[in-house]
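Each chain is listed here by its residues.
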Amino acid sequence: MAKMNMIQALNSAMDICMDRDPNVLVMGEDVGYFGGVFRCTDGLYKKYGPHRALDMPIAEGGIMGVAIGMGVNGLRPIVEIQFSDYIYPAIDQIVSELARLRHRSGGEYFAPVVIRAPCGGGIRGGQTHSQSPEGIFTHACGLKTVMPSNPYEAKGLLIAAIEDDDPVIFFEPKRIYNGPFDGDHDKAASPWNTHPLGEVPEEHYKIEIGKAKVLEPGSQVTVITYGNMVHVAQAAIKNSGIDAELIDLRTLIPLDIDTIKASVQKTGRCVVVHEATLTSGFGAEILSQVQEECFWHLKAPIERVTGWDTPYPHAFEWEYFPSQKRITQAMLRTLESN
Amino acid sequence: MAKMNMIQALNSAMDICMDRDPNVLVMGEDVGYFGGVFRCTDGLYKKYGPHRALDMPIAEGGIMGVAIGMGVNGLRPIVEIQFSDYIYPAIDQIVSELARLRHRSGGEYFAPVVIRAPCGGGIRGGQTHSQSPEGIFTHACGLKTVMPSNPYEAKGLLIAAIEDDDPVIFFEPKRIYNGPFDGDHDKAASPWNTHPLGEVPEEHYKIEIGKAKVLEPGSQVTVITYGNMVHVAQAAIKNSGIDAELIDLRTLIPLDIDTIKASVQKTGRCVVVHEATLTSGFGAEILSQVQEECFWHLKAPIERVTGWDTPYPHAFEWEYFPSQKRITQAMLRTLESN
Amino acid sequence: MTDKQTVDTAIQYQSKLFVPQASSRPETTPDFSHIEIPSPIASQRPDVLSEAVDIQDLAYGLVRVLGDDHLVAGPWAPDLSADKLLLGLRHMMHVRAFDNRMFKMQRQGKLSFYMKCTGEEAVAVAQGMALKSSDMLFPSYRQQGLLFVREHSIVDMMCQCLSNAKDNIKGRQMPIFYSSKKHNFFSLSGNLATQYSQAVGWGMASAYKGEDQVAVSWVGDGTTAAADVYHALVFGSTYKAPVILNVVNNQWAISTPQSFASTGSTFAARSIGLSIPGIRVDGNDFLAIYAVTQWAAERARKGGGPTFIELYTYRTEGHSTSDNPDAYRGKNEANFWPLGDPIDRLKQHLIAIGQWSEEQHQALQSELTDDITKDWKEALAHGSLDNGPHWPVTSMFEDVFKEMPPHLVKQSKQIGA
Amino acid sequence: MTDKQTVDTAIQYQSKLFVPQASSRPETTPDFSHIEIPSPIASQRPDVLSEAVDIQDLAYGLVRVLGDDHLVAGPWAPDLSADKLLLGLRHMMHVRAFDNRMFKMQRQGKLSFYMKCTGEEAVAVAQGMALKSSDMLFPSYRQQGLLFVREHSIVDMMCQCLSNAKDNIKGRQMPIFYSSKKHNFFSLSGNLATQYSQAVGWGMASAYKGEDQVAVSWVGDGTTAAADVYHALVFGSTYKAPVILNVVNNQWAISTPQSFASTGSTFAARSIGLSIPGIRVDGNDFLAIYAVTQWAAERARKGGGPTFIELYTYRTEGHSTSDNPDAYRGKNEANFWPLGDPIDRLKQHLIAIGQWSEEQHQALQSELTDDITKDWKEALAHGSLDNGPHWPVTSMFEDVFKEMPPHLVKQSKQIGA
Ligand SMILES: Cc1ncc(C[n+]2csc(CCOP(=O)(O)OP(=O)(O)O)c2C)c(N)n1
Ligand SMILES: Cc1ncc(C[n+]2csc(CCOP(=O)(O)OP(=O)(O)O)c2C)c(N)n1
Ligand SMILES: [Mg+2]
Ligand SMILES: [Mg+2]
């Protein structure tokens, strides 16, 4: 087993799939010669050539349009959107076309496109390099939405996504590319090679899309989250000493409601955490389903801990970020009531 | 007082604002000479000239871009998106630019653009002429989102939107342009001139954005909805004889949580209804806020009655549509539990 | 302007904003006399691998083959047998008969919607015939002729329009939004222009795999303004994708004249600055369209990249069943269109070369009309939108994903409840 | 390919997909010898109301004024006093001194990010000087020179970069995303190209109101592929909006060479098919840029509509502080750039005409560097990103809407809790 950070794990996933299947290619802005601004496609150009690690003009809508056409013609394009903040020009192609093609053609056509997009804050990128737009895509029928929280699962999920015949939008929390971030910005970040989930097999393996993971068993309250916030929630649980059950969703759509249900029906309390803005974020859907499925087990209102309903600010990253403190406070609030 | 259908009421709102303020103009595909495919801008070209009822090339993204620039330069453009299904090419300009301009410029710049978009099903328009994408916009910070349910309020809300210095996205449920539709497709549709809210003053008046309306007082269960579904819910309440309180949100953002809270804290039961697809629809946000604010008053799980998580089908409009029956069943389910 | 007082009603602007005009409006008389119609011998037929900028005259001219004398002339005259021409004529007449019938059926309430391509039949039929059946088609909604050329079942097309139990797309889309993988005909989208860049991607994949197939796409004049058209041109040119990108300039986009999209130039000229040859062709001249399409396909197959073709034609009827053109354009503007009717012109040509007669034409017309009537009856037997039979309601939940995820299984159970 | 078995590993494609190449990569030696550099007398200066297609040679040529002898020549030579030229030189040097300082401060951890415009200073400075101060600027992120021309406070620019308590945009955006309504300088967006069509709308509003102001916007070579660029061209031309649309072709878009956007043509040529004159100008020739901008502004003010200007220049340094160009382009590629450095060229011209000397240049250089150092100290006194003071945290909730709605009031209370 190798030690890999998330970038290396994603790279390994793409490398393996390109090696096994000549129909797999990566494409996007600066992904070719340079290997991507976050280096996720590093080396693929050299190994597979310019036509398989394909640099592209700066037009996310155009990239998505051609990716769909390629998918229809038998390829399996992996599109990198340089920052998820720049996915909006491609939304029409994603939501109106990619997501609905199989359905509208009565099953005749489909395009197995994977869209990789670094998301979330933490690099002082201001409002246009920090967004978490996953919620929007969960409202479009026909897309699978994934967000991993560690290298091991990132690789397994990305391979599963590439081999999936449905379109998958794969958000990568860029703040944890190099190491898990527990929300304490005064602490030196620990690299992935000191973390068990930084142990990543070199070979091909998959993690099933649509399955959540119970990361920490607990009995008092269920904390549901995904991506970077998994680590913050984990630290909040540890540091607060609360006996919380932590669920890493990993896949947002299809949502693994069974795992969630089993947990909340046990704990009777629930806190939903994400970095995206509050209103109409995916947390609202999680909360809704928990309420619908577990109402009679709930001992306290389900809480949401999220980014504020403002653009992501440059100067106030830490105040904006859903902190350990806010998660802990939310857990405690749920525990207060009986 | 005149009798107006919703088209005439919207037309009257625009006419009045154009008459009062030379900075107001309408623009979009086929809105000029022809007066719009739904005739909402009929007559404005003749009255105000081609530069104020401005036909535009078929590029929603371009229309939105130029509208923002006009707004920055002192105009108050009213943009018509021919069908809300075609708003996606404009999403980048709406979400990344229009919604955030005031914030990102420290308050220096803003663009008082109104976006009108006919939405919802009912015209056998299949998946590309039937969508209800309002949920997406409620997740973007900086946009007000409005959906009226009748001519009187449509006019008052549209005037308020035009005179608002914030961008407003104004969804028009096209199925009720000509008359309220109660969900019973075997019944002849009644025109607005037989409905009290089809009485519309000719003059200028406003209805405050951000205020919901309690349409039917009731004690057993609160039904929260907006747009076309207001009439279906109203009919379901009437026909079922359930003593339900019906709230017409009218504005989605900012959400009038106080009105909602007062009602659900009273009834202890809540059904949320919309035509948009279920997962991550605005219903999830409404449900979440009700759960957060009224948890201790809830006597039953909050229910959602919505469109299914599929593209809007051509052949199965009635099966897709959230029917009176489904709303009634949901109300009854909430009443079952004690 | 938040409160009334701040409205300065005294402002009166003297607008200098330029707003394009229409060819005609109900209150004016149509006049197309400014349109220059060059003779068939006026256009060069350059080498297929020419540089775009070197052959830009083709973008500003009008490639024609059929002259006013109904005979062929000029360098673009294609090598087409009389049989092939007769087949083309038949297809065009078949399409028109189909359109007329379906339009009437919509008016009688049998269909929810319909769109004709009257006056533009040559576009899809001639282009379809000039391509290989393995070439992939990414049409807009007015190229039903392609399906006739590829011998798609007419009954099946009708079943799609009826959303009945035999509709291959399971009642999911409006009438005319065909999809036929068997015929390499891509699933139509209601969102204008999206298929254009997809076609480029398809062509890129073809080149990526070292294959020979060409992708072909169509948009209307109005649709040229859409972002995806630009994306198609930029990506198509950047990667020299084997694609043919067509603009069917039928002068109108619903009520909006082409002047709101053409920017006072030809559409064909738009691609030159992107190193893509632009060719403007008489869109009602079957032979010219065939020839230009052949040229473009050869260029694409030889690695020369895209060609951008403007098919200069006229939308003789309304935009769709939802619209009445008399509300926004001069009465009978179609009659003023100087390039005639594509069926009539090919018919006259075949008569002029002694391969056809009025009588044969009438007979064929009747035969096709009868066929369509027969097909319609057969299609109706498979069900109609209002009365069924349809696909089972729960089929709505299929194909959202390849395998139905739990939340859709749950919803599909609820729908019956 | 859902299961392993179906992967046909035997497939080996012989790709025919064309992929553009770079001017150089680390493993190759830069070579710009293919670039044709015409003499200043080679370009015509047509009437400002000429038709785009009639003056298309300007899109394929290169307008120049400063010759190799450092003297002015040709029809484009603008009427500029020595004082104005000296002011232009001063601004360019000032920008460079600013950039150098800020870059260093980023490296020292004082700024979160920075972007220089080294090698491209003439673009913003000459264009800014050729415009009226009432003209509205919609820049991309490399036109900081415009703010120098409009005499924006340097300290305030630094405060923006520091997100401190004096930052006029309240710490909301990354460094260099300036906004200055007072200077008719639009708020920068991180989303490439969006400002381009907004500029067209602004210009349309200017025409609508019968006013004379022109809107001016900039994008980079890479950004030309974006949909909004096309929208700007289509809408700008359709309504003959008074706008100047600039493409700063500095050869690179992060690691991606201009060949992925230029489609093998010039950028300037792209607008011709849309009836917009395209002019390619030596982007390191202060006088040529000034002259072309003046021409375009006059055209716009006279109702002639947009002009599309390609400023042919070179990005001498990295894309931003986040990037190291040695990883993707030939070492010192900048040294091979055949059009020199804009500051040096204007300096040589002023020396050649006896208005300047090496000594004066050195003195000015020192003066500006000292000024910047002083300004930086002053700016820092207003706070820094890491140590503050900043705007109050709750200011984050302001300006989302004009008036704060209840849910934001609630959240702003929670943030302190
Ligand atoms: C993105 C998008 N915007 C708007 C529409 C509505 N619409 C349908 S057809 C049409 C006009 C298209 O005109 P043109 O491209 O000239 O094609 P034609 O109908 O003449 O064949 C419009 C505006 C749409 N379908 N998609
Ligand atoms: C819509 C969008 N996509 C991607 C990016 C990321 N990005 C920032 S700058 C840049 C390169 C731009 O290159 P160019 O237009 O040539 O301008 P230059 O940096 O050379 O001045 C990219 C891809 C972005 N900011 N916005
Ligand atoms: Mg048309
Ligand atoms: Mg560049």
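Calculation rules
The numbering scheme is per chain: residues are counted from 1 as the chain's sequence reads. All chains are assigned letters beginning with A, and all ligands numbers beginning with 1, in the order in which they are written. Reporting in this predicted model follows two pLDDT cut-offs: at least 70 for local features of residues, and 80 or more for side-chain atom pairs to be given and counted; totals over whole chains, interfaces and linings ignore these cut-offs and use all residues. Excluding hydrogens and water, the side-chain figures rest on all heavy atoms present in the structure. For the purposes of this entry, the term helix denotes a DSSP run of H or I that reaches at least four residues, the term strand denotes a run of E that reaches at least two, and both are numbered from the N terminus. In this treatment the radius of gyration is a C-alpha quantity, and the globule benchmark scales as 2.2 Å times the residue count to the 0.38 power. Accessible area is worked out with a 1.4 Å probe on protein chains only. A residue is then buried under 20% of its type maximum, exposed over 50%, and partly exposed in between. Residues are labelled near a given molecule or strand when at least one of their non-hydrogen atoms is within 4 Å of it. In protein, a polar contact means a hydrogen-donor-capable atom and an acceptor-capable atom, both N or O and within 3.5 Å, with residues adjacent in sequence counting only if both atoms are side-chain atoms; elsewhere, any N or O pair within 3.5 Å suffices. Accessible areas in this description were obtained via Shrake-Rupley with a 1.4 Å probe; residue shielding takes into account the shown protein chains only. Only Asp, Glu, Lys and Arg are considered charged in this grouping, and only Ala, Val, Leu, Ile, Met, Phe, Trp, Tyr, Cys and Pro are considered nonpolar; every other residue, Gly among them, is considered polar. For this analysis, residues touch if any pair of their heavy atoms sits within 4.5 Å. Salt bridges, as used here, are contacts in which a Lys or Arg side-chain nitrogen is within 4 Å of a carboxyl oxygen on Asp or Glu. A 1.4 Å probe defines the accessible area here, and the buried area is the portion of it lost by two parts on being joined, summed over both. The split of the chain into domains comes from an automatic or database domain assignment. Geometry is summarised by axes, namely lines fitted to C-alpha atoms with helices restricted to the contacting stretch, and by angles between N-to-C directions that run from 0 to 180 degrees. For this classification, under 35 degrees means roughly parallel, over 145 means roughly antiparallel, 65 to 115 means roughly perpendicular, and everything else is oblique. Helix crossings get a hand from a simple test, with the near helix turned counterclockwise from the far one by less than a right angle marking a left-handed crossing and a clockwise turn marking a right-handed one. Any pair of Phe, Tyr and Trp rings, taking the six-membered ring for Trp, is counted once the centres come within 6.5 Å. Such a pair is stacked with planes under 30 degrees apart, edge-to-face with planes over 60 apart, and tilted for the rest. Lysine and arginine charges are scored as sitting over a ring when NZ or CZ, respectively, is within 6 Å of the ring centre and within 35 degrees of the ring normal.

A tally of helices and strands in chain A yields 12 helices and 14 strands. Computed over the C-alpha atoms, the radius of gyration of chain A is 19 Å, within 12% of the 20 Å expected from 2.2 N^0.38 for a compact globule of 338 residues. Each principal axis of the C-alpha atoms in chain A carries an extent, and together these give about 60 × 45 × 40 Å. A buried classification covers 79% of the 338 residues belonging to chain A.

This paragraph deals with the site of ligand 2. Of all residues adjacent to ligand 2, which total 19 residues, the nearest are Glu60(A), Tyr141(D), Arg142(D), Thr223(D) and Trp252(D). Bordering ligand 2 are residues originating from chains A and D. For ligand 2, a nitrogen atom lies 3.2 Å from a polar atom in the side chain of Tyr86(A). The separation between a nitrogen atom of ligand 2 and a polar main-chain atom of Leu192(D) is 3.2 Å.

Lining the immediate environment of ligand 1, one finds 19 residues, of which Glu60(B), Tyr141(C), Arg142(C), Thr223(C) and Trp252(C) sit closest. Around ligand 1 the close residues trace back to chains B and C. Within the side chain of Thr223(C), an N or O atom sits 2.5 Å from an oxygen atom of ligand 1. Between ligand 1 and the protein, one listed contact pairs an oxygen atom with a side-chain N or O atom of His319(C) at 3.3 Å. Notes on ligand 1: free accessible area 590 Å², of which the protein chains cover 95%. Taken together, the residues of the shell around ligand 1 sort by class into 7 nonpolar, 8 polar and 4 charged.

Of the residues lining the interface, 43 residues belong to chain C; the matching set on chain A comes to 47 residues. There are 2 salt bridges connecting chain C and chain A. Note that Lys402(C) is salt-bridged to Asp165(A), the shortest N-O span being 2.5 Å. Across the chain C-chain A interface, the total number found is 29 residue pairs in polar contact (both at pLDDT 80 or more).

Turning next to the interface of chain D and chain A. Counting from both sides, the interface comprises 52 residues of chain D and, opposite them, 45 residues of chain A. The junction of chain D with chain A conceals about 4000 Å² of combined surface from both sides, 63% of it contributed by carbon and sulfur atoms. The interface formed by chain D and chain A holds 1 salt bridge in total. Between Asp386(D) and Arg124(A) there is a salt bridge; the shortest N-O distance is 2.8 Å. Where chain D meets chain A, there are 14 residue pairs in polar contact (both at pLDDT 80 or more). Considering each element in turn, the side of chain D that touches chain A owes the most residues, 5 residues, to helix H13 (residues 406–416) of chain D. Of the residues assigned to the side of chain D that touches chain A, the class counts are 27 nonpolar, 18 polar and 7 charged.

Moving on, we get to the domain arrangement of chain A. Interfaces are often sized by the amount of accessible area the parts lose when they come together. Residue and element names in this part refer to chain A. If you check the domain split of chain A, you get domain 1 (2–200) and domain 2 (213–336). Buried surface at the junction of domain 1 and domain 2, summed over both partners, amounts to about 2500 Å²; 56% is from carbon and sulfur atoms. For the salt bridge of Arg-175 with Glu-275, the shortest nitrogen-to-oxygen distance reads 3.8 Å. Scanning the region where domain 1 abuts domain 2 turns up 13 residue pairs in polar contact (both at pLDDT 80 or more).

With that settled, consider the packing of helix H9 (residues 257–267) of chain A against helix H10 (residues 282–294) of chain A. Residues and elements named next belong to chain A. Between H9 and H10, the shortest axis-to-axis distance is 10 Å and the interhelical angle comes to 60°. Taken together, the axes of H9 and H10 are oblique relative to one another. As for how H9 packs across H10, the hand of that crossing is right-handed. Residues Ile-257, Ile-260, Lys-261, Val-264 and Gln-265 of H9 pack against Gln-289, Val-290, Glu-293 and Cys-294 of H10. Broken down by class, the residue content of the contact of H9 with H10 amounts to 5 nonpolar, 2 polar and 2 charged.

What follows concerns the packing of aromatic side chains. Enumeration according to the criterion identifies 55 aromatic pairs over all chains in this entry. Ring pairs connect the aromatic residues Phe38(A), Phe83(A), Tyr86(A) and Tyr177(A), which therefore count as one cluster. Taking the ring centre of Phe34(B) as reference, the NZ or CZ of Arg39(B) above it sits at 4.5 Å. Looking at Lys116(C), its charged tip hangs above the ring of Phe103(C), at a distance of 4.6 Å from the centre.

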